[in-house]
Structures are given as structure tokens and as C-alpha cells.
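Now for the letters of each chain:
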Amino acid sequence: MSDTPVVISGLHKAFASQPVLTGIDLTIANGQRLALLGPSGGGKTTLLRVLSALERPDAGTVRIGDERLWGDDVSAAEHERARRLVGMVFQQFNLFPHLTVMGNCILAPRLVRGLGEDAARAEAGTWLDRVGLRDKADAWPATLSGGQRQRVAIARALCMRPEVLCFDEPTSALDPELVGEVVTVVQELAREISTTMVLVTHQVGFARAVADRVVVLADGQLIEDGPPEQVFDQPNHERTRRFLGAITG
Amino acid sequence: MTWDWSYAWSCLPLLWQAGLITVLATVIGGALAAVGGLPWAVLLRSDHAWVRRPADAVLQVVRNTPLLVQLYLLYYGLPHLGWSPSPLVIGIAGLALHYAAYAAEVYRAGFSAVPAGQTEAARVLGLSRWQRFRHVLVPQAIPPVLPALGNLVVALFKDTPVLSAITVIELLTRAKLLGAESFRYLEPMTLVGVWFLIASLVAAWPLTRLEHRLRRIPT
């Protein structure tokens, strides 16, 4: 496994002159499981979207291993190489409805990694196994439950062998009884694979189960950073206490 | 006036020939419009205003002026530019241009209906712009608009008599000529009406089948 820490520095982003990220510095060690928490509008999702190259920051740099994703005079080729290292699991799954489960998993490996059909299918099969959906390989996304769709989306992302896998509130669109299966799959993956994970969630239980580091983002700033026990049980900031109080009821 | 079967039969060979012109104009004009509308729709969705605006301006001009005017402009204008194709070629080009504008509008609606998350997922997976278009956008945008495209082809088909204005003798014009020669309009006009009806229904059949094939995917 190559050593590919994520180094974010001086990151700024505003939407229509409304600042969302105001100077984020964050280094994520290789293989770390980072949970990103914070109030709505605090910038969590924006940070994740900058990291997955869906959003261009106004200022600052993002480096993934040796490649720069964002920064001054980053060439298109280097940006592209850095982008390939990052995978993303969306809140709304975003599976391709016109492709089967297997079709979803092999599309990018074939087009982007240049794998042949058989090799792509074989690799997708092992990931579908891991998320417990090998028997659904030929099913259409529309016939699956929300939890199953999200597990397919996780397998699809892993088929690109990302160094960093981002999860944008992966359980927020799910019915409550389906949350458990996705949490379990992410938890198992966190134990078994060495991919760096960045998880945005509102569920303290999910963060505790998966993360070894918790960062709280509020008003575009990092206000808390530490192991889950410390952040959840002895937060440094009053703002964190209020936020945690609000989401845990 | 009573229906004369022997006269109706005698009209058939000439009507058949003219009918082929109508079919030719419809098939080639419709295919060019359907194919040309797609890149036009892509221009309409461009991120760059200097691409989008001219594409939209031409679209508005073509859509908001009568087909007849466009045909006259092509018919009398092209020779001034040093190019004198046959009236049939000009007619087909005119129909294609006119209906490509409508097709572009239909495709644009189809693309707009694909959720932004689809493009984002494809981007994060590393697909290039062309790969996203080919493998993610088109397969989701086109099937829902096929019925609308089919309607356009039928409309184009029924517009082919306008080509008579630029001396193309298609089906309806041939029927008028036959009527004028014999002072009997009932038979040729009835035959033309029946012919258009049957041709429309026959053409609709493969389109409906294509739609069914593409609708197999549950959504």
C-alpha cells in the first residue's frame, strides 16, 4: 500500500459571496478513518466535494499523496491523477438506473482503468461479495432497497481502488430500519481494508463505530479534532457540546 | 360524383412514384433532423455563453419562421452562393434543418431530466466528458423522449407537401395534377389520404417497439 496522506491547507470556498469554508488546514493520515461532523451549513459536504474534485476551492491546496488535486498551477494531468485516487459514496446513491448492479460496478473500471470485461466482472464480484450482494449482480437498481443500493454504490466506488473513500451522509436517505446494514458494511470495510475513509455523518453512533478520529466543522472552521471518545465525551468547545446535545437529543 | 374504381387504379402508378419522393424526403429528412438535433442540443447546454447563445439564436430563428419561408430562402438563395442542388435536395435539407431545431429542443429537455447526481457520480468515477455523455447521459436522456421524436417525424411527414412550393412533385402535388387533368379529385385525394394514414401507422410501429424495448428497464 502506497503512502498517500491527504494534506489540505488554507482551503477557502464561498458560494455567492457566502463563505462556507474559511481557512481549513487538515492532514489525514494514510488509512485513517476520519468522521466529519458538524451543524448543517457548517461546510462538511463542501469539504468532501472539494476533496472529491466536484467543487473547485477559491483558495488553498489539496494534496493526495504525491499528487496535487488543487492548488496554484496544478496541471490538468496532475489534477486528473489526483482525482482518480478519490472515491465517493453519495447520500442519494446515484447509481446508474440504466445499468444492472454489475453494469454499475464495471463501467468505470472498463472505461477508466481499461480492464477487460472478464477482469472487471471478477473484481466487481469480489466487492459485491464483500457488501453481501453477489446474488444481486444482475438486478436493476430500481428493484433494490435503499440499503442495498447504498451497498452497491460502495462496491462500485471500491472497484476503482481509491486510496481515499469519501462517504457523504451515506445513511441519511435511508429508512431507519435499513441504516444498520450500511453501517455494518462500512464498519466491516473499515476493519478489513486499508483505504483511507472520510465519513460525513449526523449519527454519533456511526462515527463511533467506524472512526478513529473525529473532526467537527462549524461556520467554515475546524473547532474540534481528536479521537471519538475525547470529542464525544469531553469536547473542548461549547459549540461542540451544543451541537452534540442537539443531534443526540 | 361517384367513385370510379378504374380511374382510381389508373392513378396508382404515378401516385406510387410521387409517394416514393414523400417517403424519401421523410426518411432522409427525419434521420438528418434526429441525428443533427443531438449535437445541436449539446451546444445549447454548453458551459460557454459564446457557444450556447449563437446555437440558441439560430434555434429561435428556425423554430419561429415558417418552413415555407425557409424553403424559399434556400431555393432562391443557395444559387446566389454558387451552389445549385436539385429541388429535392434543397427540400430535404430544409425539412431536416427545420425539424432538427425541434429535435434539439426535445433532446435538451431529455438531458435536463437526468439528475445532476448522475453526472457527479460519473465524474468521481473518473469518466471523461465524452464517456459521461455516451455512457451515462445519452442512455438516460434519449429513451424518454423517443415518443416526442416520433411525433416530430410524423409532423415532418405531413409537412412534405410544402415541398411543392419549390417544384418538388411529391404525393399531394401529383394528386392535384392528376385531378387537374381529369377534373376528378375524389379518387387521387382519397388515395393520398389513405396512403398518408397507412404510412404513418406503419412508421409508428417500429418506433413503438423500440420504445418498449428501451422501457424494459424498471425505474
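Since the structure is predicted, the reported quantities are computational estimates derived from the model, not experimental observations.

Draft legend 1. Highlighting the overall build of chain B. What chain B contains, in helices and strands, is eight helices and zero strands. When its helices and strands are written in sequence order, chain B yields α-α-α-α-α-α-α-α. For chain B, the C-alpha atoms occupy an extent of roughly 70 × 45 × 25 Å along the three principal directions. Residues counted as buried form 39% of the 219 residues belonging to chain B. When the accessible surface of chain B is totalled, it reaches about 12000 Å², and 69% of it is carbon and sulfur. Computed over 17 positive and 10 negative side-chain charges, the separation of the two mean positions in chain B equals 12 Å.

Draft legend 2. Local environment of the packing of aromatic side chains. This structure, assessed with the given rule, holds nine aromatic pairs over all chains. On the basis of an interplanar angle of 75° and a centroid distance of 5.5 Å, the ring pair of W3 of chain B and W5 of chain B is categorised as edge-to-face. Owing to a relative accessible area of 30%, W3 of chain B belongs among the partly exposed residues under this scheme. Assessed through its relative accessible area of 57%, W5 of chain B is described here as exposed. Taken together, a centroid distance of 5.9 Å and an interplanar angle of 40° make the contact between F157 of chain B and W195 of chain B tilted. Of this pair, F157 of chain B sits in helix α6 (residues 129–159) while W195 of chain B sits in helix α8 (residues 186–214), and the two are 38 residues apart along the sequence. In this structure F157 of chain B comes out as buried when scored by relative accessible area, which is 8%. Judged by relative accessible area, which is 22%, W195 of chain B ranks as partly exposed. Ring pairs connect the aromatic residues Y72, Y75 and Y76 of chain B, which therefore count as one cluster. Above the face of the F96 of chain A ring, R156 of chain A is positioned so that its terminal group lies 4.6 Å from the ring centre.

Draft legend 3. Highlighting the sheet that holds strand β10 (residues 221–226) of chain A. Residue and element names in this part refer to chain A. Strand order in this open sheet of six strands is β6-β7-β8-β3-β9-β10, and the pairing throughout is mixed. Looking at which strands have only one partner, the edges of the open sheet turn out to be β6 (86–89) and β10. Across the sheet, the axes of successive neighbouring strands diverge by a mean angle of 20°, strand direction being ignored.

Draft legend 4. Examining helix α3 (residues 101–111) of chain A more closely. Across the 11 residues that make up α3 of chain A, a large majority, nine, are buried. Buried within α3 of chain A are the following residues: V101, M102, G103, N104, C105, I106, L107, A108 and P109 of chain A. Tucked into the core, α3 of chain A has its buried residues touching α4 (117–130) and α5 (146–158) of chain A together with α6 of chain B.

Draft legend 5. Region of interest: the confidence of the model for chain A. Residues of chain A with pLDDT of at least 70 account for 99%, and the chain-wide mean is 93. Mean pLDDT across the elements of chain A bottoms out in helix α9 (residues 238–248) of chain A (83) and peaks in α3 of chain A (97).

Draft legend 6. Main features of empty space enclosed by the protein. Residue and element names in this part refer to chain B. Evaluated as defined, the whole model comprises one cavity of 30 Å³ or more. In this structure, the largest cavity occupies an estimated 60 Å³ of space. Along the walls of the largest cavity sit G30, A33, A34, Y99, A103, L149, L152, V153 and L156, which together make up its complete lining. Class assignment for the residues of the lining of the largest cavity results in eight nonpolar, one polar and no charged.

Draft legend 7. View of the packing of helix α7 (residues 171–182) of chain B against α8 of chain B. All names here are of chain B. Two numbers describe how α7 lies on α8: the axes approach to 9 Å, and their chain directions differ by 165°. It follows from the interaxial angle that α7 and α8 lie roughly antiparallel. Considering only the axes of α7 and α8, their crossing is right-handed. Facing L171, L172, A175, K176, L178 and G179 of α7, the residues of α8 in contact are P188, M189, V192, W195 and F196. Here the residues of the contact of α7 with α8 are counted per class, giving nine nonpolar, one polar and one charged.

Draft legend 8. Spotlight on the interface of chain B and chain A. If you look at the interface, chain B gives 18 residues, while chain A gives 25 residues. Both sides together, the interface formed by chain B and chain A hides about 2000 Å², and carbon and sulfur atoms give 65% of it. Linking chain B with chain A are one salt bridge. Measuring nitrogen to oxygen at the nearest pair gives 2.8 Å for the salt bridge that ties R49 of chain A to E120 of chain B. Scanning the region where chain B abuts chain A turns up six residue pairs in polar contact (both at pLDDT 80 or more). Among the secondary structure elements, those contributing two or more residues to the side of chain B that touches chain A are α5 (116–124) and α6 of chain B. Broken down by element, the residue count for the side of chain B that touches chain A peaks at seven residues, all from α5 of chain B.

Conventions and cut-offs
- Residues numbered from 1 in each chain as written.
- Chains lettered and ligands numbered in written order.
- Predicted model: local features only at pLDDT ≥ 70, side-chain atom pairs only at ≥ 80, totals over all residues.
- Heavy atoms only, no water.
- Helix = DSSP H or I, 4+ residues; strand = E, 2+ residues; numbered from the N terminus.
- Buried < 20%, exposed > 50% of the residue type's maximum accessible area, 1.4 Å probe, protein only.
- Areas by Shrake-Rupley, 256 points an atom, 1.4 Å probe, with all protein chains shown as cover.
- Lys, Arg positive; Asp, Glu negative; His and termini not counted.
- Charge placed at Lys NZ, Arg CZ, Asp CG, Glu CD.
- Phe/Tyr/Trp six-rings, centres within 6.5 Å; stacked < 30°, edge-to-face > 60°.
- Lys NZ or Arg CZ within 6 Å of the ring centre and 35° of its normal.
- Pairing = 2+ DSSP bridges.
- Axes fitted to C-alpha atoms, helices over the stretch in contact; angles between N-to-C directions.
- Contact = heavy atoms within 4.5 Å.
- pLDDT = per-residue confidence, 0-100.
- 1 Å grid on protein atoms, 1.4 Å probe; cavity = no way out; pocket = protein on both sides within 12 Å on 5 of 7 lines; lining within 4 Å.
- Points joined across faces, edges and corners; volume = space filled by probe spheres on them.
- Nonpolar A, V, L, I, M, F, W, Y, C, P; charged D, E, K, R; others polar.
- Parallel < 35°, antiparallel > 145°, perpendicular 65-115°, else oblique.
- Left-handed = near helix turned anticlockwise from the far one by under 90°.
- Buried area = accessible area lost by both parts, 1.4 Å probe.
- Salt bridge = Lys/Arg side-chain N within 4 Å of Asp/Glu carboxyl O.
- Polar contact = N/O pair within 3.5 Å; in protein donor to acceptor, adjacent residues only side chain to side chain.

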